[in-house]
Amino acid sequence: MGSIDLLVVVVKRRVIVTMGLCLVWLGVFGIVLANLLPDGKLVVIDPGHGGIDGGTSNRGILEKNINLRMGHILRQVLENNHYRVIMTRTDDSDVTNFVPPGGSRYQRDLRGRVRLVGRVQPCSLISIHVNWHQETWRSGAIVYYQEGETSGRLLAELIQKELNTIQKTQRQVRSANFYVLRNTNAPAVLIELGFISNPEDLKAMQDDTWLTRQAEAIMVGLEIFLQQTRCLPQEAGGQSKAKTRL
Ligand SMILES: [Zn+2]
């Protein structure tokens, strides 16, 4: 090997070592940068009921289990789209452990959900439930918002619009006076995924593929809402209704 060949080998090695160091540096820089960048938008998913509270039921199917299943599916869909998600429950338990003893289990469970939302101040709260009606022909997902809450209403309308694109029954949003919606500062909706009393809805709500389609529709509605309104945590942190009520 001549001296020029040797020089070429040395230069090649230096180039390779330098490139390697650059890649390591870029990797470390990327990790540091990822931690410095603002986190994804935070959403709280609240699967209704749990533990000894099964919610509504039909043919041995309990609402609490559908709510939880959908909670996990919606969480996955949102996390795949760079949201951060906190769930009020991730297993078959209620949410009474967030509040000190005292009062009925039912009240403590609802207060626990509200207290968690007040602590983490999300961009939005999505509470998941299942409907029931004695007229079994009634079907379709319905999105509820707290009476008088304009941001909640907008979020509900945007999600309802998306859900209507995948379901046969075209539904309108409804205002209601639910404890969790009333006592939450973040834009909040309560989604009744379908009627457990309706055979088709009951079947659909046990099908992960259907629940995933619903979750994707919910995500699209939420995305449009957050683009229109932006998520401003300081707004949620003002005089919190949740704090004053607890
Ligand atoms: Zn319910």
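Scroll up to find the structure.
Residues numbered from 1 in each chain as written. Predicted model: local features only at pLDDT ≥ 70, side-chain atom pairs only at ≥ 80, totals over all residues.

Residues separated by three or four positions in an α-helix point in the same direction, a consequence of the helix having 3.6 residues per turn. An ideal rise of 1.5 Å per residue puts 21 Å on 15 residues; helix 4 (residues 150–164) measures up with 21 Å between its terminal C-alpha atoms. Turning to helix 4, the residues buried within the fold contact strand 5 (124–131), strand 6 (142–146), helix 5 (179–182), strand 8 (188–195) and helix 7 (208–229). (Helix = DSSP H or I, 4+ residues; strand = E, 2+ residues; numbered from the N terminus. Expected span 1.5 Å × (residues − 1). Contact = placed C-beta atoms within 7 Å.)

Here we take up the packing of helix 4 against helix 7. Across the interface, helix 4 lies against helix 7 with an axial gap of 8 Å and an inter-helix angle of 140°. On the basis of the axis angle, helix 4 is oblique to helix 7. In this structure, the crossing between helix 4 and helix 7 has a hand that is right-handed. Packed against helix 4, whose contacting residues are Ser151, Leu154, Leu155, Leu158, Ile159, Lys161, Glu162 and Leu163, the element helix 7 presents Gln214, Ala217, Ile218, Val220, Gly221, Leu222, Ile224, Phe225 and Thr229 at the interface. (Axes fitted to C-alpha atoms, helices over the stretch in contact; angles between N-to-C directions. Parallel < 35°, antiparallel > 145°, perpendicular 65-115°, else oblique. Left-handed = near helix turned anticlockwise from the far one by under 90°.)

Val143, Ile159, Val189, Ile191 and Ile218 are the most contacted members of the largest nonpolar core, which totals 49 residues. The element contributing the most residues to this core is helix 7, with seven residues. Those residues within four positions of Ile159 in sequence are excluded, and the remaining contacts are Val143, Val189, Ile191, Ile218, Gly221 and Leu222. (Core = buried A, V, L, I, M, F, W, Y, C linked by C-beta atoms within 7 Å. Buried ≥ 20, exposed ≤ 12 C-beta atoms within 10 Å, placed from the backbone.)

You can see Pro187 is positioned in the loop between helix 5 and strand 8. On the basis of neighbour count, Pro187 is assigned to the buried category, with 28 C-beta atoms found within 10 Å. Taking the C-alpha atoms as reference, Pro187 lies 8.7 Å from Ile126; in sequence the two are 61 residues apart.

Read from one edge to the other, the open sheet built from six strands follows the order 4-1-5-8-6-7, with strand pairing classed as mixed. The open sheet has two edge strands, strand 4 (84–87) and strand 7 (174–176), and neither has a second partner. Neighbour-to-neighbour, the strand axes of this sheet turn through a mean angle of 30°, independent of strand direction. With four bridges joining them, strand 1 (residues 42–47) and strand 4 adopt parallel strand pairing. For Val43, the partnering residue across the bridge sits in strand 4 and is Val85. (Pairing = 2+ DSSP bridges.)

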